[in-house]
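The residues making up each chain are set out below.
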Amino acid sequence: LRIEGIPQLGFASGACNNNGGKMDVWGFNGIGLTGCSMWSAGDIIGLAANIDLGKIAVAKNGDWSSSGCGVVFDSEKIKHGVYPCLSASDFEVRYNMDGQTRGEFSYGPPPANLWTGMSWEAPISEEALHSD
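Since we're looking at a predicted model, the values are computed, not measured.

Criteria and cut-off values
- Each chain carries its own residue numbering, running from 1 in the written order of its sequence.
- It should be noted that, the model being predicted, local features are given only for residues of pLDDT at least 70 and side-chain atom pairs only at 80 or more, the latter also being counted only at that level, while totals for whole chains, interfaces and linings use all residues.
- As a convention, hydrogens and water are excluded, and side-chain values are obtained from all of the structure's heavy atoms.
- What counts as a helix is a DSSP run of H or I of at least four residues, what counts as a strand is a run of E of at least two, and both are numbered from the N terminus.
- The rule is simple: take the accessible area with a 1.4 Å probe, protein chains only, and divide by the maximum for that residue type; under 20% is buried, over 50% is exposed, in between is partly exposed.
- Contacts between residues were defined by any pair of non-hydrogen atoms, one from each residue, lying within 4.5 Å.
- Where accessible areas are quoted, they stem from the Shrake-Rupley method and a 1.4 Å probe; at the residue level, only the protein chains shown are allowed to cover.
- To pair, rings of Phe, Tyr and Trp, with the six-membered ring standing in for Trp, must have centres within 6.5 Å; the planes then decide the type, stacked if under 30 degrees apart, edge-to-face if over 60, and tilted in the middle.
- Charge-over-ring placement is defined geometrically: NZ (Lys) or CZ (Arg) within 6 Å of the ring centre, and within 35 degrees of the ring normal.
- Put simply, buried Ala, Val, Leu, Ile, Met, Phe, Trp, Tyr and Cys residues joined by side-chain atoms within 4.5 Å make one nonpolar core.
- Whether two strands pair comes down to DSSP finding at least two bridges between them.
- Here an angle of 0 to 180 degrees is reported between the N-to-C directions of two axes, which are lines fitted to C-alpha atoms, with helices fitted over the stretch in contact.

### Regarding the overall build of the protein
Here comes step 1: Summing up its helical and strand segments, the protein has two helices and nine strands in all.
Here comes step 2: Every one of the 132 residues in the protein was classed for burial, and the buried ones make up 36%.
Here comes step 3: For the protein, the proportion of contacts with a sequence separation of at least 24, taken over those separated by at least 6, is 59%.
Here comes step 4: Summed over its atoms, the accessible surface of the protein is roughly 8,000 Å², and 50% of this surface lies on carbon and sulfur atoms.

### Let's talk about the packing of aromatic side chains
The geometry of an aromatic ring pair is captured by two quantities: the separation of the ring centres and the angle between the planes.
Here comes step 1: Under the criterion given, the structure shown has one aromatic pair.
Here comes step 2: The residue whose ring lies beneath Arg-102 is Tyr-95, and the NZ or CZ to ring-centre distance is 4.2 Å.

### Quick word on unusual backbone geometry
Here comes step 1: The backbone of Asn-61 sits at a positive phi, close to 50°, despite the residue not being glycine.
Here comes step 2: In this structure, Asn-61 sits in the loop between strand E5 (55-60) and strand E6 (70-74).
Here comes step 3: We note that Cys-69 has phi near 140°; this positive angle belongs to a residue other than glycine.
Here comes step 4: Here Cys-69 is to be found in the loop between E5 and E6.
Here comes step 5: On the basis of relative accessible area, Cys-69 is assigned to the buried category, the value being 3%.

### Regarding the nonpolar core
Here comes step 1: The biggest cluster of nonpolar side chains holds 14 residues, and the ones touching the most others in it are Phe-28, Ile-56, Val-58, Val-72 and Phe-73.
Here comes step 2: Grouped together as the second largest cluster of nonpolar side chains are seven residues, Ala-57, Trp-64, Val-71 and Leu-114 included.

### A word on the environment of Ser-67
Here comes step 1: By the element assignment, Ser-67 lies in the loop between E5 and E6.
Here comes step 2: Placed 29 residues apart in sequence, Ser-67 and Met-38 show a C-alpha to C-alpha distance of 9.8 Å.

### Here we look at the sheet that holds strand E2 (residues 8-12)
One key point about sheets: their strands pair by backbone hydrogen bonds, in either a parallel or an antiparallel sense.
Here comes step 1: One open sheet holds the three strands; their spatial order is E3-E2-E7, and the pairing between them is antiparallel. If you trace the sheet from one side to the other, it starts and ends with strand E3 (25-28) and strand E7 (83-87), each paired once. Here the strands of the sheet are splayed against their neighbours by 25° on average, with no regard to which way each runs.
Here comes step 2: Sheet analysis places E2 next to E3, joined by four bridges and oriented antiparallel. For Phe-11, the partnering residue across the bridge sits in E3 and is Trp-26.

### Things to note about the pairing of E6
Here comes step 1: Judged by how many residues are buried, E6 sits mostly within the fold: four of five residues are covered.
Here comes step 2: With four bridges connecting them, E5 and E6 associate as antiparallel partners. Its bridge partner being in E6, Val-58 is matched across the sheet by Gly-70.

Now the structure itself:
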């Protein structure tokens, strides 16, 4: 990761269409997400979605705990399935979606106990995402 702009990484519902359909997005940038450490050039950011529980977690350099970020989103809508997404400008990123095409993953998946508790005090709830 080389940061000059602000990269937005996360997951989307995929329910977007050319007729103005709405897509749900659960994204983060490593700069302003409360409770997470900031990202720096060279960091390896891990993303994980637990579809069964409706949760999304983030790791920084293999750390799935609260200091890396941990569980950041909890939503019933995640249970319907999500797709990885990326949006930004003025940065470079290398991605690895399958652990094979671009080599093995640098770090492992989140531990099972990550999903049973909350990594930090307040993961972002469905209500917070859609409050005006």
